[in-house]
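# Residue-level structural notes
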Amino acid sequence: MKILCVAEKPSISKAVAKILSGESTRTRKTRAKYIMNYDFKFNFPQYGLCDVTMTSVVGHITNIDFPPEYSWGKCPPGRLLEAPTLEVVSQQDVFKNIANEARTANILMIWTDCDREGEFIGWEILQAARSTNTNLTSENVLRSQFSHLERNHILHAAKNPISLDLNAVKAVSCRMELDLRVGASFTRLLTDLFRKSSVANTSMDKDKKSNVISYGTCQFPTLGFIVDRYLRVKSFISEKFWYISVDIKMENDGEVQLVPFTWTRGHFFDRLFVTLIYQDCIANPFGKITKVIRKPTSNWRPLPLTTVELQKDCARIFKMSAKDALDAAEKLYNKGFISYPRTETDQFPQAMDLKELIGKQSQDTRWGSYCSELLHEDKYRTPRGGKNDDKAHPPIHPVNYVNLSALDNDKLKKVYEYVVRRFLACCSDDAKGELNTVTLQWGKEEFTATGLAVIAKNYLNIYPYKKWESSKQLPNFIEGESRSITGGKMKEGKTSPPNHMTEPELIGLMDANGIGTDATIAEHIFKITNRGYVVKTKQRGTEYILPSELGMGLIQGFDRIEFENISLSKPFLRKRLENSLQEIVDGRTTKEQVLREVIQLYRQAFVQSAQKGNILLQAYKDIIDSNNNP
DNA sequence: GCAAGGTC
């Protein structure tokens, strides 16, 4: 019996082959870059001792496109919403390797990631295998389920396969088709429209880095977030507010200390209202300490690391772009130093031997002694678990030790050190402190003062990326005592404008709204930058993302058209599609149904956009004019 | 020359 196993990426096929074979494989090179075929024997309970070939693809091997008669310029762009589509093999060498190896296989076992895209890639692999071996049918195509590479987990997966989830395959093919139809039709429409307009042509050069004005179902909501924030900052009007604050003068060992108390009611925008309350208060020369509470508090260690968190933190701490952070993580992964960097999972599988991983880091001069403390002084704690599990990859963690000096560049060093420290922090205890809260009653109003004493830094000792420090200690107040009010004032403040969009905030928004995935969020930001829709600028050390004139014009133009039931610049439609895809997976609706509904919506929007092209152009011209004559 | 999704 011969079994062909195919994984989604080379690293998985290598690791799985190593586990199943007991480390004795014959390795064959292939014509496809990065891909090896591993031959070995394995005893499957249901088939006995089998000849196994384990190989992989490198992500998708096919893509969807239009036939040549629908290429750019050959048909009106709107036709692309209904035009036939083709499946094209985009990775010939990879496809051929599968086809070759499948010739003599009795069984095909799919080892792609256990997520939606993985299911589709599994289906692509099946097509490649069937191209030479039509005996491979649903009867003898198996799908193994695994979410990490721990030995027993993989052995269990090999022995308990299920079948491909065809609903998931349908859902992905639905997404692909919609993204292509909508993206290609609107891109051609916009590009042709702006090219015909002379004003657009002369003014666009400064924004333009590419000669295409692309529309994408992820690009535009991303751009929309940035424009939205920009407009909120620009149209912000500061408002005055009023509040009461109290200082109490205390003598502590001969030293005079002013203890500031804050009003529990915050602030009000009505000056007269605060004035009346204040007048009521100042009638009393004394206030009363009504409550003194000391209670233990903790500062929680971080959750296990996801891609989105890695990118947000690298932007915040090291000022790296999301793409640079992911690229660096990718390199570290390919060298075997860290685990797979694209994951949504923020909980470690129970069976994973985390202490072994900590042990590997003990040799480091910076964090090695901390590792020893964790392992030998009973300071190790099982990491907290978050709510996310992509069922495909564990959280990002260090796999092997490397000395920072052996890494090529600064970005690699920073990201590796961050991943290690984050992991060690996860395996440490929360920081502990004591929170002291004193409540003061003055007239009818309540005020509080708080003091924090950090008692044990614990994880913070290894995790310099977060600050949690003791505040000035409060003097000893006694419950029930009266205190003279030395500084009771009514003060004025004003609301401050929001900041422009930063990359970590944008990543957070995209993640929360389902725009893009862990693997693509960075690319979408990169793409709209490259298209000239947004620019990054530094202000006082922080990098902000601002819309360009073109980016503003596009979003405002689409908003001015006011489509029915749809917004091309907001995230709702993508989120709705995401829900529909899940319904396809759950069998509550069909791919055809979703395609019909969504295409219908976009067709209406397309027709209107084509008719009202002048509105789109005018919006852009208006932005340029207002910037020239502010 | 168009998308978004995998992965190197």
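Along every chain, residues carry numbers that run from 1 in the direction the sequence is written. Lettering of chains starts at A and numbering of ligands starts at 1, both following the order in which they are written. Totals for whole chains, interfaces and linings use all residues, but because this is a predicted model, local features are given only for residues with pLDDT of at least 70 and pairs of side-chain atoms are given and counted only at 80 or more. Calculated side-chain values reflect all of the structure's heavy atoms, with hydrogen atoms and water omitted.

Short version of the rule: UniProt positions are given in the numbering used here, feature names are shortened, and annotations may be inferred rather than shown by experiment.
In the annotation of an unreviewed UniProt entry, the entry for chain A reads DNA topoisomerase, and the organism field reads [Candida] railenensis. Taken directly from UniProt, the Sequence similarities (unreviewed entry) text for chain A runs: "Belongs to the type IA topoisomerase family." Taken directly from UniProt, the Catalytic activity (unreviewed entry) text for chain A runs: "ATP-independent breakage of single-stranded DNA, followed by passage and rejoining."

## Things to note about the overall build of chain A
Here is the rule we go by: Secondary structure elements are defined from DSSP: runs of H or I of at least 4 residues count as helices, runs of E of at least 2 residues count as strands, and each element is numbered from the N terminus. Per-residue accessibility, obtained with a 1.4 Å probe over protein chains only, is compared with the maximum for each type, and a residue is labelled buried under 20%, exposed over 50%, and partly exposed between these values. Each accessible area value is a Shrake-Rupley result obtained with a 1.4 Å probe; residue values ignore everything except the protein chains displayed when judging cover. Within this scheme the basic residues Lys and Arg register as positive and the acidic residues Asp and Glu register as negative, but His and the chain ends are omitted. Positions of charges follow a simple convention, taking NZ of Lys, CZ of Arg, CG of Asp or CD of Glu.
If you tally the helices and strands in chain A, you get 19 helices and 17 strands. C-alpha extents for chain A along the principal axes are approximately 95 × 70 × 50 Å. The buried share of chain A, taken over its 630 residues, is 51%. Approximately 30200 Å² of chain A is accessible, and the part contributed by carbon and sulfur atoms is 48%. Computed over 86 positive and 75 negative side-chain charges, the inter-centroid distance for chain A is 3 Å.

## Quick look at the environment of Ser138
Mapped onto the secondary structure, Ser138 falls in the loop between helix H3 (116-130) and strand S8 (141-143). Residue class for Ser138 comes out exposed when judged on its relative accessible area of 66%. For the pair Ser138 and Leu108, spaced 30 residues apart in the sequence, the C-alpha separation amounts to 9.7 Å.

## A closer look at the pattern of salt bridges
For the record, the criterion: Here, a salt bridge means any Lys or Arg side-chain nitrogen found within 4 Å of an Asp or Glu carboxyl oxygen.
In the structure shown here, the tally under the stated rule is 37 salt bridges. The residue Asp324 makes a salt bridge to Lys411 at a minimum N-O spacing of 3.1 Å. With Asp324 in helix H10 (residues 322-334) and Lys411 in helix H13 (residues 410-426), the pair connects residues that are 87 residues apart, well separated along the chain. Assessed through its relative accessible area of 27%, Asp324 is described here as partly exposed. Lys432 serves as the salt-bridge partner of Asp429, at 4.0 Å between the closest nitrogen and oxygen. Overlapping salt bridges bring together Lys2, Arg26, Arg28, Asp39 and Glu101 as one network.

## Some thoughts on the layout of surface pockets
Keep this limit in mind: With a 1 Å grid spanning the protein atoms alone, the term cavity applies to any set of points in which a 1.4 Å probe fits but cannot get out, the term pocket to an open set with protein on both sides within 12 Å along at least five of seven lines, and the term lining residue to any residue with an atom within 4 Å of a point. Grid points are joined across faces, edges and corners, and a volume is the space filled by probe spheres set on the points.
By volume, the second largest pocket amounts to about 260 Å³. What lines the second largest pocket is a set of 15 residues, among which Glu87, Phe120, Trp123, Ser173 and Lys591 lie closest to the centre. Elements represented by at least two residues in the lining of the second largest pocket include exactly strand S5 (62-65), strand S6 (86-89), H3 and helix H5 (166-196). Counting residues per element, the lining of the second largest pocket draws most heavily on H5, which supplies six residues.

## What about the domain arrangement of chain A?
Operational definition: An automatic or database domain assignment supplies the residue ranges for each domain.
Its domain assignment divides chain A into domain 1 (2-164), domain 2 (169-235 + 503-628), domain 3 (240-296 + 437-457 + 478-494) and domain 4 (307-426). Between the C-alpha centres of domain 2 and domain 3 the distance comes to 50 Å.

## Section: the sheet that holds strand S7 (residues 107-111)
Applicable threshold: Here, strands pair whenever DSSP counts at least two bridges between them. In this description, a line fitted to the C-alpha atoms serves as the axis of each element, helices being fitted only across the stretch in contact, and the angle between N-to-C directions of two axes falls anywhere from 0 to 180 degrees.
Taking strand neighbours across the sheet as the criterion, the six strands line up as S2-S3-S4-S1-S7-S8 in an open arrangement whose pairing is mixed. Of all strands in the sheet, those bounded by a partner on one side alone are strand S2 (26-29) and S8. The sheet shows a mean angle of 25° between the axes of neighbouring strands, direction not considered. Where S7 and S8 come together, three bridges link them in parallel fashion. Bridge assignment links Met109 to a residue of S8, and that residue is Leu142.

## Let's talk about the protein's contact with DNA strand B
Definition in use: Throughout this document, a residue counts as near a molecule or strand when at least one of its heavy atoms sits within 4 Å of that molecule or strand. In protein, a polar contact requires one atom able to donate a hydrogen and another able to accept it; more generally it is a pair of N or O atoms within 3.5 Å, and residues adjacent in sequence count only if both atoms are side-chain atoms.
Neighbouring residues of DNA strand B: 44 residues in total, closest Val58, Arg188, Asn334, Tyr340 and His524. Considering DNA strand B, the proportion of its atoms within 4 Å of the protein that are sugar or phosphate atoms stands at 63%. Within the side chain of Asp113, one N or O atom sits 3.2 Å away from a phosphate oxygen of DNA strand B. Within the side chain of Asp179, an N or O atom sits 3.2 Å from a sugar or linking oxygen of DNA strand B. The biggest single contributor to the surface near DNA strand B is H5, with 10 residues.

## Overview of the packing of helix H18 (residues 591-611) against helix H19 (residues 613-628)
Test applied: Between 65 and 115 degrees an angle is taken as roughly perpendicular, under 35 as roughly parallel, over 145 as roughly antiparallel, and anywhere else as oblique. The contact definition used throughout considers only heavy atoms, calling two residues in contact when any of these lie within 4.5 Å.
Relative orientation of the contacting elements H18 and H19 amounts to 65°, with a least axis distance of 4 Å. Taken together, the axis directions place H18 and H19 in an arrangement best described as roughly perpendicular. On H19, the residues touching Ser609, Ala610 and Gln611 of H18 are Gly613, Asn614 and Leu616.

## Quick word on the environment of Thr382
Note on placement: Thr382 falls in the loop between helix H12 (368-376) and H13. Taking the C-alpha atoms as reference, Thr382 lies 24 Å from Tyr333; in sequence the two are 49 residues apart. Beyond its immediate sequence surroundings of up to four residues, Thr382 is in contact with Arg301 and Cys426.

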